[in-house]
Amino acid sequence: MKGPLIALSPRAVNRVRFAAILGVLGPGLVSGFADNDAGGITTYSLAGVRFGYNLLWVLLASQIVLFFTQEVGARLGLATGQGLAGIVREKYGVRWAAFMVSAMLIANVGCIIAEFAGCSAALGLFGVHPAVSALLAATVVVLLLTRGNYSKVQYLFVAVGIGVSLAYLVSAILARPDWGLAASSLVVPRLSVDKLYWLTVVATVGTTITPWGQAFIQSYVADKRLGPEDLMGSRLDVGLGAFLTNLIGGFIVIACAAAVWAVGTKVDTGDPQAIQQIAHALRPLAGEGATVLFAIGLLAASFLGLGVVPLTSAYAACEAFGWETGVDWRLREAPAFYGLLIFFIASAALVVLIVPLSGLIQVMFMAQVLNCLLLPFVLVFVMKLSSDKSVMGSLVSGRFLLTVGWLGTFLLVALSITLVVTSVFGL
Amino acid sequence: MLYLSQAIGRPVRDKLGEPIGKVADLIVAIGDRYPPVTGIVVTTNGREIFLHWQSVTCLDATGAVLGTSAIDITKFQQRPNEIRLKLDLMDRQIVDIDGRKVVRVNDLRLDEVEGSLHLVAVDVGASGLLRRFGLEGTWRTIARGLHRDVPERYIDWEDVDPVERTIASVKLRVPHKGLAQLHPADLATIIDQLSRSDRVGVIASLDDEAAADAIGEMEPETQVDILEDLEPARAADILEEMDPDEAADLVADLSDESRVEILGLMEKEEADEVQELMTYAEDTAGGIMTTEFVAVPATLTAGQTIDRLRELEPNAETIYYIYVTDSDDRLVGVLSLRDLIVAKPNTLISTFMYDEPVAVGTDASQEEVTDVVARYNLLALPIVDSEGRLEGIVTIDDAIDTLLPQPSKRRIPHLFSRSGNSER
């Protein structure tokens, strides 16, 4: 070692410890937990109560694809130091950027509606009027953006997320599921020609791999000013995030399969009782308190999504149109940013006020379907950019990553087209 | 007047009016106040050819007309100071020097100046965006019907600074002349908005002192990022220019590896100072003090002291008080710049100095420092060790810093990136 030997000062010690704690909770983990938002919990639950263990293979498959898409997203952020919309605009021009952002915004408005619906559905279990719930959800968004100490709020959300996950984990174990069947379903696809089956497949994929997730991971990495040397750390983070997301999703499916599907309960999403039936998945753990526990979990999950999706959406739109950086972000200085946020909140609030309480589960479910349908429009750009040496430099995708990435993208496209075609022609 | 977006994709015809391709891009030579167009890129049969500007007789929103009928593609080569407008600037981020922020290029405005076409301004307004979508005309009609204006915003080419990455396709060293003239605090604001590689590019183009001033104004996290990305020798040079207390704070935040390397490359005197300051805990008087101050022996006269000041050229923050020490470096008195100037040159300073100076120990808390500074209306507070030896001073600007709530809450979070600072 050259140079003088420097004693570690009290200051340096503090910093190292703090950095170590922060380092654990990377963007991959946060976005992983945020994947289990209101739409996530609902969709995984519906997958379990409708088809038992049969859809577990979809979770494993989407977990693998999620890892690759998030890894590419993180790498794009590391290489360019910009968000997805910004780099699409630089590379393909403002029209393509507008196209991609529009697709993303439609999907994201769907997600935000789902979070509002989750909030209303959860509070509806306690008899709270939807208008009050919508007001609460809107307040949460505004508070998070204006007052939020984001780092601390994140920890709170993740803590609640872990709590909910543990509840499902314990519940799944107590319900004595058919572990053998669950394990084999994880790797052996049990296909069906049932239309609802495929709709649920699409929704499950759509709630796991999301357009906002792509924008989020890239902006986060770029804004943290991470660089190429952080590649391995990012991969680890993204891998862990993808794994945990679907581990939790898997236990939700198993709990629902064992506690609801296996006992022969048929859940009809239009039924006002449907949400209680879904909540029964937590009965093995909480008994009669299952509904309350479910409601708390769903509410927290909604807030988790509300803390991430509106901000990410407004961010992406501003980036595409060059409104992203001002000297500061006071209301007067960033009308586009706040205008978009108001639009998101208003449209989501409107939907939950129009849709009756019994329809909210269907709203959350269909928002995930919409996410999956619009996902290819975002992923194609991500994949194209990641193979462009002039954008990625030394971080350009290798042949293996490219093959897997494009394969996943094409599968998604095929899935979406099949769904659209069968729906349109009523097959 | 012509906008780049109006020319791109338009047909290129030869002298006889035969279409030969489409306008793909324009080339300008950087360096002049308004860069002149020096060439045109034409796509023909799926490939790009470069043509000298001399061979173009006319370029407008209807397309380009060439003065020749034969295309000679061998003559033109892109020179190092030339950039392509669409490829290198359109849709990219640039620094708006007047507005002190990073903006995105919606369109580029070209004007005829003294017979040739020059790049004159960057369109960053809504009208430029609408034009790109082909909606400007429609929008203007609607706006006129509603008696409203379409918001237009142009930035003169002279007031922009392309960031490094923007023109990565050419090996052009951007001098960042405009940026270098900004106040360090403004420069820090701009650099904060840039991506990591651009930051390093901008810092690299500044001289050590300007870089040190700008870095001194940044958030601790940004400071560390930038310093660790710079060449260690350059980082050491910049640290030498910073106030020792700021440098110590910064060095303490570096990774162990960088700290050892950078300190090893600094001048011994400066490195020792920084290391000494680092031994104090961050929230104590020792942690926020600077070792740059003026101390003189009590035996000097007023005139000799002023001569000493001229020699030392102390910086603005430290010149107001002159501390008087005995042979053991113990603090025995203080005089203000005013006392010194109004005194007759041959008076001994011990006769008019204030001989009960207020001081606090190196282990005093930040709050105590602020309290004392406020109570005695001081511009700087001397910090002494347990023996009463003068170790450093805390200037009022550093004392105030400790009172301010840490990050300014006015900003929307950079998608969570501030998480590190808010808890520090």
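Note that the structure is predicted; figures quoted are calculated from it, not measured.

Now for the overall build of chain A. Along the backbone of chain A there are 19 helices and zero strands. Expressed as a percentage of its 427 residues, the buried residues of chain A come to 60%. Long-range pairs, those at least 24 residues apart, make up 84% of the contacts in chain A between residues at least 6 apart in sequence. In the form shown here, chain A has an accessible surface area of approximately 16,300 Å², with 72% of it arising from carbon and sulfur atoms.

Neighbouring strands of a sheet are bound in pairs by backbone hydrogen bonds; such pairs are parallel or else antiparallel. Residue and element names in this part refer to chain B. As summarised here, the arrangement of the three strands in space is β10-β9-β14, forming an open sheet in which the pairing is antiparallel. With one partner strand each, in any of the chains shown, β10 (101-104) and β14 (160-162) form the two edges of the open sheet. The mean inter-strand angle of the sheet, taken between neighbouring strand axes irrespective of direction, is 40°. With four bridges joining them, strand β9 (residues 93-96) and β10 adopt antiparallel strand pairing. Residue pairing in the sheet places V95 in a bridge with V102 of β10.

One pass over the full model with this rule turns up 16 aromatic pairs over all chains. Centre to centre, the rings of F99(A) and F377(A) are 5.6 Å apart; their planes meet at 90°, and the pair counts as edge-to-face. Here the residue F99(A) occupies a position in helix α6 (residues 94-124), and F377(A) occupies one in helix α17 (residues 360-386), the gap between them amounting to 278 residues. For F99(A), a relative accessible area of 36% translates into the label partly exposed. What makes F377(A) partly exposed here is its relative accessible area of 38%. Pairing Y321(B) with Y323(B) gives two aromatic rings, centres 6.3 Å apart and planes at 50°, and the pair type is tilted. The buried category is assigned to Y321(B), whose relative accessible area is 15%.

Residues and elements named next belong to chain B. At N45, a position not held by glycine, the phi torsion is positive, near 50°. Looking at the secondary structure, you find N45 in the loop between β4 (37-44) and β5 (47-52). The residue N377 is not glycine, and still its phi comes out positive at about 50°. For N377, the position within the fold is in the loop between α18 (366-375) and β19 (380-384).

Residues and elements named next belong to chain B. Taken in spatial order, the four strands make up an open sheet running β1-β11-β12-β13, and their pairing is antiparallel. Only two strands of the sheet have a single partner each, and these edge strands are β1 (2-3) and β13 (154-156). Of the pairings in the sheet, the one linking strand β12 (residues 116-123) to β13 comprises three bridges and is antiparallel in character. Directly across from A121, in β13, lies its bridge partner D156.

Another aspect to go through is the pattern of salt bridges. Tallied over the entire structure, the rule returns 26 salt bridges over all chains. Of the charged contacts in the structure, one is a salt bridge between E71(A) and R75(A), with a shortest N-O distance of 2.9 Å. Of this pair, E71(A) and R75(A) both sit in helix α4 (residues 56-80), four residues apart, which is roughly one turn of that helix. Taken as a pair, E71(A) and R75(A) share a single burial class, namely buried. Across the salt bridge formed by D385(B) and R389(B), the nearest N and O atoms sit 3.3 Å from each other. It is possible to trace a salt-bridge network through shared partners that takes in D107(B), D123(B), R131(B), E136(B), R140(B) and E152(B).

Moving on, we come to empty space enclosed by the protein. With a probe scaled to a water molecule rolled over the atoms, the places where space remains empty come into view. All names here are of chain A. Within the structure shown, the criterion is met by six cavities of 30 Å³ or more. The calculated volume of the second largest cavity comes to roughly 100 Å³. Every residue lining the second largest cavity is counted, 15 residues in all, and those nearest its centre are N36, I41, G161, V164 and A301. Only α8 (150-174), α12 (231-261) and α15 (290-320) provide two or more residues apiece to the lining of the second largest cavity. At six residues, the largest contribution of residues to the lining of the second largest cavity is made by α8.

It is worth spelling out the packing of helix α2 (residues 27-35) of chain A against helix α11 (residues 211-223) of chain A at this point. The relative placement of two packed helices comes down to the angle between their axes together with the axis-to-axis distance. Residues and elements named next belong to chain A. With their axes 10 Å apart at the nearest point, α2 and α11 run at an angle of 155° to one another. Accordingly, the angle class assigned to the pair α2 and α11 is roughly antiparallel. For the element pair α2 and α11, the recorded crossing hand is right-handed. Taken together, the residues of α11 that come into contact with α2 (itself represented by P27, G28, V30, S31, A34 and D35) are W212, F216, I217, Y220 and V221. Classifying every residue of the contact of α2 with α11 by side-chain character gives eight nonpolar, two polar and one charged.

Reading the values: rules and limits
Along each chain, numbering runs from 1 in the same order as the chain's sequence is written. Here every chain gets a letter starting at A, and every ligand a number starting at 1, in the order they are written. Note on the predicted model: pLDDT of at least 70 is required for a residue's local features to be given, and 80 or more for side-chain atom pairs to be given and counted; whole-chain, interface and lining totals, by contrast, use all residues. Neither water nor hydrogens contribute to the side-chain values; these are computed over all heavy atoms in the structure. The secondary structure listing takes helices from DSSP runs of H or I that are at least 4 residues long and strands from runs of E that are at least 2 residues long, numbered from the N terminus. For each residue, the accessible area found with a 1.4 Å probe, counting protein chains only, is set against the maximum for its type, and the residue is called buried under 20%, exposed over 50%, and partly exposed in between. Between two residues, a contact is recorded if the distance between any of their heavy atoms is within 4.5 Å. Where accessible areas are quoted, they stem from the Shrake-Rupley method and a 1.4 Å probe; at the residue level, only the protein chains shown are allowed to cover. In this analysis, strands are considered paired if DSSP registers two or more bridges between them. For helices, the fitted axis covers only the stretch in contact; all axes are lines through C-alpha atoms, and the angles between them, taken along N-to-C directions, range from 0 to 180 degrees. Ring pairs shown here join Phe, Tyr and Trp side chains whose ring centres sit within 6.5 Å, with only the six-membered ring taken for Trp; geometry is labelled stacked below 30 degrees between planes, edge-to-face above 60, and tilted in between. By convention in these notes, a salt bridge is any Lys or Arg side-chain nitrogen within 4 Å of a carboxyl oxygen on Asp or Glu. Two kinds of site are reported from a 1 Å grid over the protein atoms alone, namely cavities, where a 1.4 Å probe fits but cannot get out, and pockets, open sets with protein on both sides within 12 Å along at least five of seven lines, and residues are called lining when an atom falls within 4 Å of a point. Grid points are joined across faces, edges and corners, and a volume is the space filled by probe spheres set on the points. Geometric relationships in this document are graded by angle, where less than 35 degrees denotes roughly parallel, more than 145 denotes roughly antiparallel, 65 to 115 denotes roughly perpendicular, and other angles denote oblique. We call a crossing left-handed when the near helix sits turned anticlockwise from the far one by less than a right angle, and right-handed when that turn is clockwise. Under the grouping applied here, Gly and all other residues not named as nonpolar or charged are polar, the nonpolar ones being Ala, Val, Leu, Ile, Met, Phe, Trp, Tyr, Cys and Pro and the charged ones Asp, Glu, Lys and Arg.

Shape descriptors only; they carry no functional weight alone.
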